[in-house]
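Chain residues, written in single-letter form:
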Amino acid sequence: GIAPVGANQTVPSVLEPLSQYSRFRDKELAMNHSANLSLEQEFNLKLFADVVQNLTPEQAKEFLIELNQQMMIRENLYRDLLKQYLGIGSTPMPDQDLIPESFAS
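Calculation criteria
- Residues numbered from 1 in each chain as written.
- Predicted model: local features only at pLDDT ≥ 70, side-chain atom pairs only at ≥ 80, totals over all residues.
- Heavy atoms only, no water.
- Phe/Tyr/Trp six-rings, centres within 6.5 Å; stacked < 30°, edge-to-face > 60°.
- Helix = DSSP H or I, 4+ residues; strand = E, 2+ residues; numbered from the N terminus.
- Buried < 20%, exposed > 50% of the residue type's maximum accessible area, 1.4 Å probe, protein only.
- Salt bridge = Lys/Arg side-chain N within 4 Å of Asp/Glu carboxyl O.
- pLDDT = per-residue confidence, 0-100.
- Contact = heavy atoms within 4.5 Å.

**As for the packing of aromatic side chains**
Move 1: This model, assessed by the stated rule, comprises one aromatic pair.
Move 2: Taken together, a centroid distance of 5.5 Å and an interplanar angle of 45 degrees make the contact between Phe48 and Phe63 tilted. Separated by 15 residues along the polypeptide, Phe48 in helix H2 (residues 39-53) and Phe63 in helix H3 (residues 57-86) bring together distant segments of the chain.
Move 3: When its relative accessible area of 40% is taken as the criterion, Phe48 is described as partly exposed.
Move 4: Overall, Phe63 belongs to the partly exposed group, its relative accessible area being 30%.

**Considerations on the pattern of salt bridges**
Move 1: Counted according to the given criterion, the structure contains two salt bridges.
Move 2: A salt bridge links Asp50 to Lys46; the nearest nitrogen and oxygen atoms lie 2.8 Å apart. Taken as a pair, Asp50 and Lys46 lie in helix H2 at a separation of four residues, close to a single helical turn.
Move 3: Relative accessible area serves as the criterion here: at 35%, Asp50 is assigned to the partly exposed category.
Move 4: Notably, a salt bridge pairs Asp80 with Arg79, separated by 3.9 Å at the nearest N-O pair.
Move 5: Judged by its relative accessible area of 38%, Arg79 is partly exposed.

**So, the confidence of the model for the protein chain**
Move 1: Taken as a whole, the protein chain shows an average pLDDT of 74; of its residues, 51% reach a score of 70 or greater.
Move 2: Taken as a whole, residues 1-16 scores under 50 in pLDDT and shows seven contacts with residues more than four places along the chain or in a different chain.

Below, the structure written as structure tokens:
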């Protein structure tokens with residue numbers, strides 16, 4: 001959940017995981033990091049960066065919240081698939097209608 005921001009708390013706990021991404025503010029470092037991406041992924045990253053540049057601050061906030069939710073859903077899906085593969089627990093396969101379109105491919 002989201003921790004309330006008190007007088008002594010400078011960063012809400014929900015934003016702490018985002019601090020790891022601040023290192024990518026340096027474009028050169030980000031470009032070196034993209035060396036691990038396929039050509040198609042690099043192209044998609046460039047398209048994504050172009051779209052993000054045109055977002056209003058409000059759109060960017062909404063987008064970050066939605067992106068974080070999708071990342072959590074993906075993480076849950078991977079965890080459940082791994083559990084099923086390893087035979088740990090009795091996790092049913094998620095209903096295909098519940099999987100976001102961007103994850104289905």
